[in-house]
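Coordinate inspection notes
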Amino acid sequence: MTLSISTWNINSVRLRLPIVEDFLKRANPDILCLQEIKCQNDQFPADAIAALGYGNIVIHGQKGYHGVAICSKLALTEDHRQDYCGVGDSRHISAIFEWAGRRIRIHNFYVPAGGDEPNRDINPKFGHKLDFVEEMKRLSAEAEPNTASILVGDLNIAPLEHDVWSHKQMLKIVSHTPVETEGLLDVMRQGKWVDLMRQQVPASEKLYTWWSYRAKDWAAADRGRRLDHIWSSADLAPMLKGIDVLKEARGWTQPSDHVPVTARFEAA
DNA sequence: ATGGTCGTGCGACGA
């Protein structure tokens, strides 16, 4: 009994539908969580994705910006959209599915990037990001009785030293400042979440999921960051069998700046 | 090296 879940910041699902289809045919996850779909609910290419076996789709879209969706082969119920910071952004959606006799809630997040200046007094976008992370601290992996939890998404923070190409050079760069990295580690600790990517890949190894569009040669420079994450409640962590970071997707035609990350589980 | 590149949707903004 296996389960695979992928997360991918797609940076416009309409523009990049061809590579979404390629990825689904090739990786064939049970569930794909997308961020930055950049469209309204009725513009989401649900028919094309359903045609590949993903007939269960829940969407929290928005015109032009942000937007998240869950595409699943398994039935989705009790979907919920939380308006973090109460600003009307579409940055979260969750739903329940059943697997191996378990009830599991999956959360899909797109945390604000936070702008360039890591100072909330002069950059409101950084303040918004910190407030968003603060609100996430109240989300427990054990929030619902008899329900396990999985949390995925573009969290726009690289929390560990080897989640960035140069810890020292990144300490004042938004996504790796101490207030952000400590905040995200607090979200994990307070919510009793397990970082499944780092359960699989030792913290001493470099691990990236995003490479900037601005680099002349992203692969040669390899100045990446681990901005995308897959977490779970403690009960699911022993069932994790593998993590796949599809780095080659960064080199595909008209790529997203993020690559898909997949967690593979197996129940006894 | 304080630039650089994207997407949306038509000017500027967010990333």
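Structure first, text after, so check above.
Residues numbered from 1 in each chain as written. Chains lettered and ligands numbered in written order. Predicted model: local features only at pLDDT ≥ 70, side-chain atom pairs only at ≥ 80, totals over all residues. Heavy atoms only, no water.

**Section: the packing of aromatic side chains**
In the structure shown here, the tally under the stated rule is eight aromatic pairs. Ring centres of Y84 and F109 lie 5.3 Å apart, and the angle between their planes is 70 degrees; this geometry places the pair in the edge-to-face category. Linking Y84 in the loop between β5 (77-80) and β6 (92-99) with F109 in strand β7 (residues 102-110), this pair joins segments that are 25 residues apart in sequence. Judged by its relative accessible area of 7%, Y84 falls in the buried class. Relative to W231, the ring of W193 lies with its centre 6.2 Å away and its plane at 45 degrees, an arrangement referred to as tilted. In this pair, W193 sits in strand β9 (residues 193-195) while W231 sits in strand β12 (residues 228-233), placing the two residues 38 residues apart along the sequence. According to the relative accessible area criterion, W231 is buried, its value standing at 0%. An aromatic cluster is built from W8, F23 and W252, whose rings are joined through pairwise contacts. (Phe/Tyr/Trp six-rings, centres within 6.5 Å; stacked < 30°, edge-to-face > 60°. Helix = DSSP H or I, 4+ residues; strand = E, 2+ residues; numbered from the N terminus. Buried < 20%, exposed > 50% of the residue type's maximum accessible area, 1.4 Å probe, protein only.)

**Some words on unusual backbone geometry**
Even without glycine at this site, K38 takes up a positive phi of about 55 degrees. Position of K38 relative to the elements: it lies in the loop between β2 (31-35) and α2 (46-50). A positive phi angle, near 50 degrees, is found at A100, a position not held by glycine. Within the secondary structure, A100 sits in the loop between β6 and β7.

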